[in-house]
Amino acid sequence: MAAMMKKKQEKEDKANLIAMAMQPDLNYGSMVTEEQVTAPDRNVLSDGVTRIDFVLVWEEGLPEMKGEKTEEKASRSHKDSHRKWRENFLTKLQAAGILLEKMVVDNDTKQITYVLLSAPWSVLCYYAEDISLRVPLQEVPLKTCNWSEKFLRKLSIPNLMAEDVPNQPPDFYACQFHAHKLDRYLGSDNKDTFFQNTQRHEIVYEILARTPYGVVKKGEVGIDRLVNEKVFSAAYPLHEGPFEMPEGDVDPQTLSLRQILHHYWARWGCWSKYQPLDHVRQYYGEKIALYFAWLGFYIGWLLPATVVGTVVFLFGIWVVVTDVPAKEVCDSGGTYIMCPLCETCTYWNLSSICLTYKAGLLFDHGGTVFLSVFMSLWAVAFLEYWKRTNAVLAHRWDCSNFEETDERPRPEYCALAPMTIRNPVTGAEEPYFPEGTRFRRILTGCMAIVIMIAVVVMFLIGIIIYRTILHIIISKSKNTFFMFSAGRIASITGSVLNLIVILLLSQVYISLARVLTRWEMHRTQTKYEDAFILKVFIFQFVNFYATPIYVGFFKGRFVGYPGNHQTLFGIPSEDCGSGGCLIELAQELLVIMVGKQLINNVQEFVCPKLKTWWNKRRFHKSEERNSEFEGVDGGQGQGKGTTPWETDYQLLLCEGLFSEYLDMVVQFGFVTIFVAALPLAPLFALINNWIELRLDAQKFVREYRRPVANRAQDIGIWFDIMQVITRLAVISNAYLIAFTSDFLPRLYYRYTTERSLKGYVNFSLSFAPDSFAKNHTQCRYRGHRDHNGNLLPEFFQLLAIQLAFVIIFEHVVFFIGNLINMMVPDIPEEVEITLKTEYYMAKEALAENQSPGRKILLEEKEKEGPELRRRHKSEASTSLPRDTDSPPPLLTPVREEQD
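Residues numbered from 1 in each chain as written. Predicted model: local features only at pLDDT ≥ 70, side-chain atom pairs only at ≥ 80, totals over all residues. Heavy atoms only, no water.

**Considerations on the overall build of the chain**
Cut-off, in case you're wondering: A run of H or I in DSSP counts as a helix once it spans at least four residues, and a run of E counts as a strand once it spans at least two, with each numbered from the N terminus. Burial classes follow relative accessibility: with a 1.4 Å probe on protein chains only, a residue under 20% of its type's maximum area counts as buried, one over 50% as exposed, and anything between as partly exposed. We call two residues in contact when some of their heavy atoms are within 4.5 Å. Exposure was quantified through the Shrake-Rupley algorithm and a 1.4 Å probe, taking into account, for residues, occlusion by the shown protein chains and nothing else.
The helix and strand inventory of the chain stands at 31 helices and 18 strands. Of all 899 residues assigned to the chain, the portion counted as buried reaches 52%. Considering only residue pairs separated by 6 or more positions, the chain has 78% of its internal contacts joining residues 24 or more positions apart. Accessible area for the chain stands at about 43,600 Å²; split by element, carbon and sulfur atoms hold 60% of it.

**Section: the packing of aromatic side chains**
Test applied: Working definition: a ring pair exists when centres of Phe, Tyr or Trp rings (six-membered ring for Trp) sit within 6.5 Å. Plane angles under 30 degrees give stacked, over 60 give edge-to-face, the rest tilted. We call a charge positioned over a ring when the NZ of a Lys or the CZ of an Arg lies within 6 Å of the ring centre and within 35 degrees of the ring normal.
Within the structure shown, the criterion is met by 53 aromatic pairs. Ring geometry for tyrosine 748 against phenylalanine 763: centres 6.2 Å apart, planes inclined by 35°, an arrangement best described as tilted. Of this pair, tyrosine 748 sits in helix α25 (residues 743-752) while phenylalanine 763 sits in helix α26 (residues 760-764); the two residues are 15 residues apart in sequence, bridging distant segments of the chain. Judged by relative accessible area, which is 11%, tyrosine 748 ranks as buried. A cation over a ring is seen here: arginine 706 above tyrosine 283, with NZ or CZ 3.8 Å from the ring centre. The side chain of arginine 780 reaches across the aromatic face of phenylalanine 767, ending 3.9 Å from its centre.

**Some remarks on the state of the cysteines**
Defined as follows: In this description, the term disulfide denotes a pair of cysteine sulfurs within 2.5 Å.
Scanning the entire structure with this criterion turns up two disulfides. The disulfide bridge from cysteine 330 ends at cysteine 354, spanning 1.9 Å between sulfur atoms. A torsion of 85° about the S-S bond marks the disulfide between cysteine 330 and cysteine 354 as right-handed. Of the two residues, cysteine 330 is situated in helix α11 (residues 324-330) and cysteine 354 in helix α12 (residues 354-361); the sequence distance between them amounts to 24 residues. Residue cysteine 330 is classed as partly exposed on the basis of its relative accessible area, which comes to 22%. Across the disulfide, cysteine 339 is cross-linked to cysteine 779 (sulfur-sulfur distance 1.8 Å). Handedness of the cysteine 339-cysteine 779 disulfide follows from its S-S torsion of about 90°: it is right-handed.

**Let's talk about the environment of alanine 448**
Relative to the elements of secondary structure, alanine 448 occurs in helix α16 (residues 435-475). Remark: the alpha-carbon pair of alanine 448 and lysine 535, spanning 87 residues in sequence, is separated by 9.5 Å.

**Details of helix α13 (residues 366-396)**
The following threshold applies: For a helix, the expected span equals 1.5 Å multiplied by the residue count minus one.
Here α13 spans 45 Å end to end across 31 residues, near enough to the 45 Å set by a 1.5 Å rise per residue. Burial runs high along α13: 23 of the 31 residues are buried. Looking one or two places after α13, you find aspartate 398, whose phi comes out positive at around 60°.

**Considerations on the packing of helix α22 (residues 658-673) against helix α23 (residues 681-703)**
Packed helices, taken two at a time, are described by the angle between their axes plus the distance between the axes. Short version of the rule: Note on definitions: angles span 0 to 180 degrees between N-to-C directions of axes, and those axes are lines fitted to C-alpha atoms, for helices only across the stretch in contact. An angle below 35 degrees is treated as roughly parallel, one above 145 as roughly antiparallel, one from 65 to 115 as roughly perpendicular, and anything else as oblique. Residue type decides the class: Asp, Glu, Lys and Arg count as charged, Ala, Val, Leu, Ile, Met, Phe, Trp, Tyr, Cys and Pro as nonpolar, and the leftover types, Gly among them, as polar.
Axis separation between α22 and α23 bottoms out at 11 Å; the angle between their running directions is 170°. In terms of axis orientation, α22 runs roughly antiparallel to α23. Residues Glu660, Met664, Gln667, Phe670 and Val671 of α22 lie in contact with α23, whose contacting residues are Ala681, Pro682, Ala685, Asn688, Asn689, Glu692, Asp696 and Lys699. When its residues are assigned to classes, the contact of α22 with α23 shows six nonpolar, three polar and four charged.

**Focus: the nonpolar core**
So the rule is basically this: Here, nonpolar core means buried Ala, Val, Leu, Ile, Met, Phe, Trp, Tyr and Cys residues that are tied together by side-chain atoms lying within 4.5 Å of each other.
Core analysis: the largest hydrophobic core is formed by 131 residues, its most contacted members being Trp294 and Trp718. Tallying contributions element by element places helix α10 (residues 286-322) first for this core, with 18 residues. When residues no more than four places from it in sequence are discounted, the contact partners of tryptophan 718 are Ile533, Phe537, Phe658, Tyr661, Leu662 and Val665. Core analysis: the second largest hydrophobic core is formed by 41 residues, Phe54, Leu90, Ile207 and Val708 among them.

**Describing unusual backbone geometry**
If you check the backbone angles, asparagine 167 has positive phi at about 55° while not being a glycine. Of note, asparagine 167 is situated in the loop between α5 (147-154) and β5 (171-176). We classify asparagine 167 as buried; its relative accessible area is 12%. With a phi angle near 65°, lysine 230 is a residue other than glycine that sits in the positive phi range. Relative to the assigned elements, lysine 230 resides in the loop between α7 (223-228) and β6 (234-236).

**A short note on empty space enclosed by the protein**
For clarity, the threshold we go by: Using a 1 Å grid laid over the protein atoms alone, points where a 1.4 Å probe fits but cannot get out form a cavity; open sets with protein on both sides within 12 Å along at least 5 of 7 lines form a pocket; any residue with an atom within 4 Å of a point counts as lining. Grid points are joined across faces, edges and corners, and a volume is the space filled by probe spheres set on the points.
Counted by the stated rule, this structure contains 11 cavities of 30 Å³ or more. By volume, the second largest cavity is sized at about 180 Å³. Around the second largest cavity, the lining is made up of 18 residues, and of these Gln196, Gln199, Arg281, Glu286 and Arg711 lie nearest the centre. Looking at the lining of the second largest cavity, the elements with two or more residues in it are β4 (134-140) and α6 (197-210).

**Here's the deal with the packing of helix α8 (residues 257-266) against helix α9 (residues 277-284)**
The condition that has to hold: Helix crossings get a hand from a simple test, with the near helix turned counterclockwise from the far one by less than a right angle marking a left-handed crossing and a clockwise turn marking a right-handed one.
Running from N to C, α8 and α9 point in directions that differ by 140°, and their axes come no closer than 10 Å. The interaxial crossing formed by α8 with α9 has left-handed handedness. Across the interface between the two elements, Leu257, Arg258, Ile260, Leu261 and Trp265 of α8 pack against His279, Val280, Gln282, Tyr283 and Tyr284 of α9. Residues that form the contact of α8 with α9 fall into these classes: seven nonpolar, two polar and one charged.

**Notes on the confidence of the model for the chain**
Test applied: The predictor reports its confidence for every residue as pLDDT, a score running from 0 up to 100.
Of the residues in the chain, 78% reach a pLDDT of 70 or more, and the chain-wide mean stands at 77. Throughout residues 849-868 the model reports pLDDT below 50, and contacts reaching past four residues in sequence, or to other chains, amount to 12 contacts. In this model, residues 872-899 is a region of pLDDT below 50 whose contacts with residues beyond four sequence positions or in other chains number 68 contacts.

**As for the environment of proline 136**
Topologically, proline 136 is positioned in strand β4. Separated by 38 residues in sequence, proline 136 and alanine 174 place their C-alpha atoms 4.2 Å apart.

**Thoughts on the pattern of salt bridges**
Which entries qualify depends on this criterion: Take a side-chain nitrogen of Lys or Arg and a carboxyl oxygen of Asp or Glu: if they are within 4 Å of each other, that pair is a salt bridge.
Tallied over the entire structure, the rule returns 14 salt bridges. Of the charged contacts in the structure, one is a salt bridge between glutamate 202 and arginine 711, with a shortest N-O distance of 3.3 Å. Highlighted residues: glutamate 202 in helix α6 and arginine 711 in the loop between α23 and α24 (717-740), separated in sequence by 509 residues. Relative accessible area serves as the criterion here: at 12%, arginine 711 is assigned to the buried category. Across the pair glutamate 206 and arginine 210 runs a salt bridge, and its minimum N-O distance is 2.7 Å.

See the structure below:
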């Protein structure tokens, strides 16, 4: 009897889903106004009503344009297998309930086939429950989340950064979708607008990603593999019309969401305005919106860091003018004859480095200590307040518990996992991959990382040897200018060569890391991306920071003294230039950080425009085109003008946010870890990021095909990486101030003499040993040694002071940083209250009496623990096993292709 009642209830639920009436009063998810309803929508099938959710494209050569018969014979089997895979894939999509419609376009050289996909209402509801989409229960007032806006409002100061952006997306209390509770959701009486466009795209992509086209054991599953194999040329959802503004006076409320984003966000004139993050999330999804929210937050926090860094730099200019040791160096004339820096180098006067010595004082003074402490605490506060902002946005966008409860296994993981296990949280049966096998694969990936890091170290040693040899060669030159500039020329060319090596090795390793991470079989997309990011960043950390760490921490430490120079592999150890190691570190940072930013900005500005221009030129070569529609009923129709799917196909593929995050986090490392050597690093970062934000916005709105909207709870492992960088920054700055700069030696000299720096230059120089002076001219070198080359007591006293400074600096900064962590809660109190309110409302709205027999059965299974069982071949080729009350849209089985 209970089974009959349940079956009857399922039939009623399905009937309610399919036979829902259309009432266009509520426009949740589409942001359609009354003025826009009358405008024709071109993103529809040939019937003019059914909405297009996704587009698949492939290209083939025209019969008359094909090559010779021998070439056709050689590639025939390859094309036949691609054709077979396409047919199988499209057949299984139809079996899953997807509506298909083909459009064929011929031009001079090839035939382009567009397959337009649309998910009917029953399919949307089935998969919305399957992937745990969240839908609205009740609209709530929209609250301001910009602290600056709240602050200026309290002071009654006009806010120049605020802008009235039309069609503000509303905010809702939301919960997971359940088909049999449809009538309890807000806007459920209009099936055309109930699901947002981004949610429709997410559902269709989920179907595309988990549909097999061949042998599942060989990984022949999903649209991503088909695109990589060139079976399909592209797969993408459509943009919502053009981005250009209509001509004439237009009511802003009638603009499309893409036009709003372009006019109020992507234009260069919006550089001083708040970002319309809710609109970005509405169009691109939470993951992309969180990136732009974090980038805008980072830019805002760079403002105080820039002000402090610039003030410290200006203070350095004042130090250059008034510094006593600098005057002694410049006025010394021939008083201080310095020993050769290498065995083949010549003697030189200390006064010859007057300009270089003063340039080093721009970064090496007491203000640098304050800046280092400030930036260390700034980084801690930045991350803590970003956690609060992230919590507000995650709740506002309904992703607060996405990773714990809502995130489903990756489609590729579902298809290839050999076992299933019951999820202890949801109780649903899910695919499972053995942990032992994954551990062995991860271990193999770690070995690959170690090998690539060894390659980076080899290149670093090669660059060190290159600088040493070039310095020796140039020093032997008869040209006076080259002789005295040998160290500077070798250092600058070595920095440029290092930048080229960094960029080349990065491309190689990213490709390798992507293959390794896919092979490791991570369960969710979040874990997959975290593993990939961690691999790449470990390599990039060594790749980008190896040379600055060498220059700042090791270069010139193991040189020895005149007459007793140390060697490495028979080559003399590299010493710092005549101006010291700190000025060389600043030069290295300028070349790597600023040079990389310039190259990236030029690439991001020029390359997309060139690629887009070439695509449009390639598609507009033909003068005549024959367009043909092939629907499921066999109907045909002629297209007039360029269709939306053709226009979007000419755009560029969006390659994700990995490279954008990587650039920003590497920059964050330069700003924090090496700020003691480059106080202007925050200023360079701020200018670059202002440009970067608009370039990224323009690429997404104008140059890229529309990416599939992905949900995300936070910025992922990037936050943990920045926390590690913040800790390393404290240690790095303490070491740079203590051992690389002259701050502590000057301080020691000032308090051991007459509280003046007069005579400091003579104090910092030692005489060459007597054994060296017998055969050469009497000369001086940096150090604290006697005439026999033995270390003086001053050296050990200074060393004790330096070590004590490092320990005190670290403990004080870490203590204050931990105090900030304790004082700033991760989640604002109002968000915690709202979360509890939303949970209560969802529980009340969706409450139902559970069947006693079903409840007892679940409790017994939970007591037994998780159960592993071998998956059959038919299970691996179908959709994800799930525990749901909603029936599948179509029950027609499709036989899996064999070898």
